Amino acid sequence: IFFNQRKPLIVSWEITKRCNLRCVYCHVWRLQHHVELNTFRVLQLVKKLSEAGTKMIRFTGGEPLLRDDISSIINYSNRLNISVAIATNGILLPQKINEIKQLDAITLSLEGPEDIHDSIRGLGSHKKAIDDLNIAKIKNIPISLSATLNSLNLGCVNYLLNIAKYFKVKIFFQPVTKTALYCEEANPIVPDINLYKKIILSLIEAKKKNKFIGNSVAALKHLSFWPDKMAINCVAGKVICRLDAEGNMA
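The rules behind each value
- Residues numbered from 1 in each chain as written.
- Predicted model: local features only at pLDDT ≥ 70, side-chain atom pairs only at ≥ 80, totals over all residues.
- Heavy atoms only, no water.
- Helix = DSSP H or I, 4+ residues; strand = E, 2+ residues; numbered from the N terminus.
- Polar contact = N/O pair within 3.5 Å; in protein donor to acceptor, adjacent residues only side chain to side chain.
- Contact = heavy atoms within 4.5 Å.
- Pairing = 2+ DSSP bridges.
- Axes fitted to C-alpha atoms, helices over the stretch in contact; angles between N-to-C directions.
- Salt bridge = Lys/Arg side-chain N within 4 Å of Asp/Glu carboxyl O.
- Buried < 20%, exposed > 50% of the residue type's maximum accessible area, 1.4 Å probe, protein only.

A. Expanded view of the side chain of H117. In this fold, H117 is placed in helix α4 (residues 114-121). At 3.0 Å, the side chain of H117 forms a polar contact with the backbone nitrogen of E111. Beyond its immediate chain neighbours, meaning those up to four positions away, H117 contacts S109, L110, E111, G112, G122, S125 and H126.

B. Up close: the sheet that holds strand β3 (residues 83-88). An order of β6-β5-β4-β3-β2-β1-β7 is seen for the seven strands of this open sheet, with the pairing classed as parallel. In the strand order of this sheet, the two ends are held by β6 (171-175) and β7 (240-243), each with one partner. Within this sheet the neighbouring strands show an average axis-to-axis angle of 20°, counted without direction. Pairing of strand β1 (residues 10-14) with β7, which is carried by four bridges, proceeds in the parallel orientation.

C. Representation of the pattern of salt bridges. Taken as a whole and judged by the stated rule, the model has nine salt bridges. A salt bridge links R18 to E36, with the shortest nitrogen-to-oxygen separation between them at 2.9 Å. You can see R18 sitting in the loop between β1 and α1 (39-52) and its partner E36 sitting in the loop between β1 and α1, a full 18 residues away along the chain. Between D69 and R67 there is a salt bridge; the shortest N-O distance is 2.7 Å. For the residue pair D69 and R67, the accessibility class agrees, reading buried in each case. The network of salt bridges with shared partners includes R18, E36, R67 and D69.

Right under this line is the structure:
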């Protein structure tokens, strides 16, 4: 809040619900209707966000690179002095890398070694992710990793940390949700709570020396309470907001 006014300085925008993977903890691909703003409406909203004081937009999905107009959206946002980041599964990154070279940051999903990652996200998706890390390095595009802790990859944290160290990128951890995303069904890969908490405590300890762990100690301590909910002093709704694919505040 600045001068008694709420300003959406940072916006997380689910730009589409379409997705080209079938991750076991997400059912967005099951949705029958994909309503999303057309290019004109998106650019209109970007302009309004700029006028309202937005300084950064992080496009998510679904898979945002499925939008044919994503480069136009990124470039227009840049012209309005808005920093742009994107969260992606990386499948389309190689063929779209030149279209999105104006990105300020990419967050790439990586769940573990090839057998684990592919069992969660789909055959061949791990190789794509590693290729993406190499491409981003060559193109000098800032990239970070995101790992969703679950019953299949709790034993793979060291692998993930080693990948982050090898490519000199930060990795952020978060737990899966108890229900699968975009439905009310139980998530089939919810981890054992005690083992999960043990892993989070190990990350807190490792954070003292490992500069590639992106989560802050405070954030990791908050994650240690999962699946219980803990109240925190949060800026969501004050300087951060989230938009859905139809442009509504979520």
